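# Per-entry structural report
Each chain, letter by letter, is given below.
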Amino acid sequence: MKISDMLVMCLRSLWRRKGRTLLTVTGVVIGCCAIIVMISLGLGMNQAMDNMLASWGDLTAVTIYNNSYGGIVMYPEGGSGSETEKPPLNDDALMALNSIEHVSYMMPQMSVDSQMVSVLAGRNDRYRLDWAQIYGVDFSVLDKMGYTPEKGEMPNPEGDTNVVVFGNEIAYQFRDTKKKGQNAYKWKQQLPDGTFSEPFFDPITEKIKISINNTKKPNDDGTYQSGGRGYEFKLDCTAVLAQDPNWETPYSIYIDIDLAKRIINDYNRLNSVKNAKEPQYSQVKIIVDDINNVDYVQQQVEDMGFSASSMASVRKEMQGQLGVIQMVLGCLAAISLLVAAIGITNTMIMSIYERTKEIGIMKVLGCFISNIRIVFLMEAGMIGLLGGAVGTLISYIISAVMNSLGGSSLSQMMGIYSDGSSPVSIIPIWLVLLALAFSTLIGLISGFYPANRAVKISALEAIRNE
């Protein structure tokens, strides 16, 4: 018997019993639709989670922290603090970290304690910054790390090192030394037209001076005397950074990393710091080539003895929680498909009882047993395939409705933050193909027992059956 003949026979049989076929297909539609929708909700929750974590920081970044200050902050009374067995985060460490597989690039960061320096601006150093986060960085990777200028241009990595980059809020923190009380500050305020008030000076046009403090000679107002002309650095502010989503940059000042090293060493020399060590990096941020390699890189870093963290570890923990939710949803959907499989089995067994004589005639005419088995398996598989196709179409409609009407609300109900930019239900093409294949497989498995039962019927008994 040809495949085409068996296919025509299957279609005719299903059409003759179209009422029963429709009911059986409906069961498969419900089960397939439930599975697709539940999995699509899980994919949407994963996407919302990734978007949320991406708003907190780069998912491919591994941040390495210094295990101790190790020379970054020194005090005149003595050394750099207690010794640790942890490796120092210095230039040798950078070379070792850079050799790790899957590392694209890194941004070392050296912290300059605000007690070490005074940041001044304006004519005759009129404006003073009492406190700031000052970091030495590699200007060549600032743009790769997502830092963008709100005003001015990013420093030329090959140019002058006597440059500085301001966060967009730090200029408002400068104090006018000729004024007292609250009048000495000009806080940022929103004006009636929606714009914001300007600080005392424009960092782009004003010379910025960093003066190393002589902490052995404090002033009466709590400030420190300057170390003198040899310990002062006049810098040009080339850019004011735009607001970053993680609020890392607004109150920070960035200088060249070699200048930061020089400031630390000069401070140690000026203040006669004992046991002064080589300046170390406060942290190093590594960017990995792929999010799937973050765990590997982080493990390599920790094996070297450094403390490291990444959003991937948070992501893994949240994915574990989502996995439990997805498993529950999948089990609920699988119950629907199990009921559909029972319905297919019942339909095929009833079909065998009604077609016993037909089976006997097929055997008498010389049909192979394998052909008879294929006919019934093909009918069961068609029921599964048809149910999967209709269920997939309905799933797309349900997904579209959920995304258009309540994506953000539904995400929050499930415990996942969503700003509405990511859909709550995602149906990729692989899920469609998987659903069609799975529903067809369910049909074939459900029809296996009835098909075997059909081929075991005696031909003579089948012909005599009315």
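Before any of the text, the structure's been laid out above.
So, a few notes on the structure that sits alongside this text. Note that the structure is a prediction, hence the values are computed from the model and not measured. (Residues numbered from 1 in each chain as written. Predicted model: local features only at pLDDT ≥ 70, side-chain atom pairs only at ≥ 80, totals over all residues. Heavy atoms only, no water.)

Let us look at the nonpolar core. Nonpolar side chains tend to gather and get buried jointly when the protein is soluble and globular. With 52 residues, the main nonpolar core has Ile253, Ile255 and Ile286 as its most contacted residues. By residue number, the principal contributor to this core is helix 4 (residues 257-270), which donates seven residues. Apart from the residues lying within four places of it in its own chain, the contact partners of Ile255 are Ile134, Tyr135, Gly136, Val137, Phe139, Val163, Val164, Ile210, Leu235, Ala260 and Ile263. (Core = buried A, V, L, I, M, F, W, Y, C linked by side-chain atoms within 4.5 Å. Buried < 20%, exposed > 50% of the residue type's maximum accessible area, 1.4 Å probe, protein only. Helix = DSSP H or I, 4+ residues; strand = E, 2+ residues; numbered from the N terminus. Contact = heavy atoms within 4.5 Å.)

For the rest of this paragraph, the subject is the pattern of salt bridges. With the rule as written, the count across this model stands at 10 salt bridges. Residues Asp91 and Lys261 are paired through a salt bridge, measuring 3.3 Å at the closest nitrogen-oxygen approach. Taken together, the positions of Asp91 in helix 3 (residues 91-98) and Lys261 in helix 4 put the pair 170 residues apart, joining distant regions of the chain. A relative accessible area of 32% means that Asp91 is categorised as partly exposed. Within this structure, Asp125, Lys209 and Glu232 form a network of salt bridges that share partners. (Salt bridge = Lys/Arg side-chain N within 4 Å of Asp/Glu carboxyl O.)

Here, the word disulfide means a covalent bond between the sulfur atoms of two cysteines. As enumerated under the stated definition, the model contains zero disulfides in all. Just so you know, Cys33 is unpaired, no disulfide at all, and the nearest cysteine sulfur is the one on Cys32, 7.4 Å from it. (Disulfide = S-S within 2.5 Å.)

Within the sequence span of helix 5 (residues 294-303), burial applies to Val294, Val297, Gln298 and Val301. The arc that holds the buried residues of helix 5, viewed along the axis, is 100 degrees, so those residues lie on one side. In the segment just after helix 5, Gly305 is the residue with positive phi, at about 105 degrees. (Arc of directions from axis to C-beta.)

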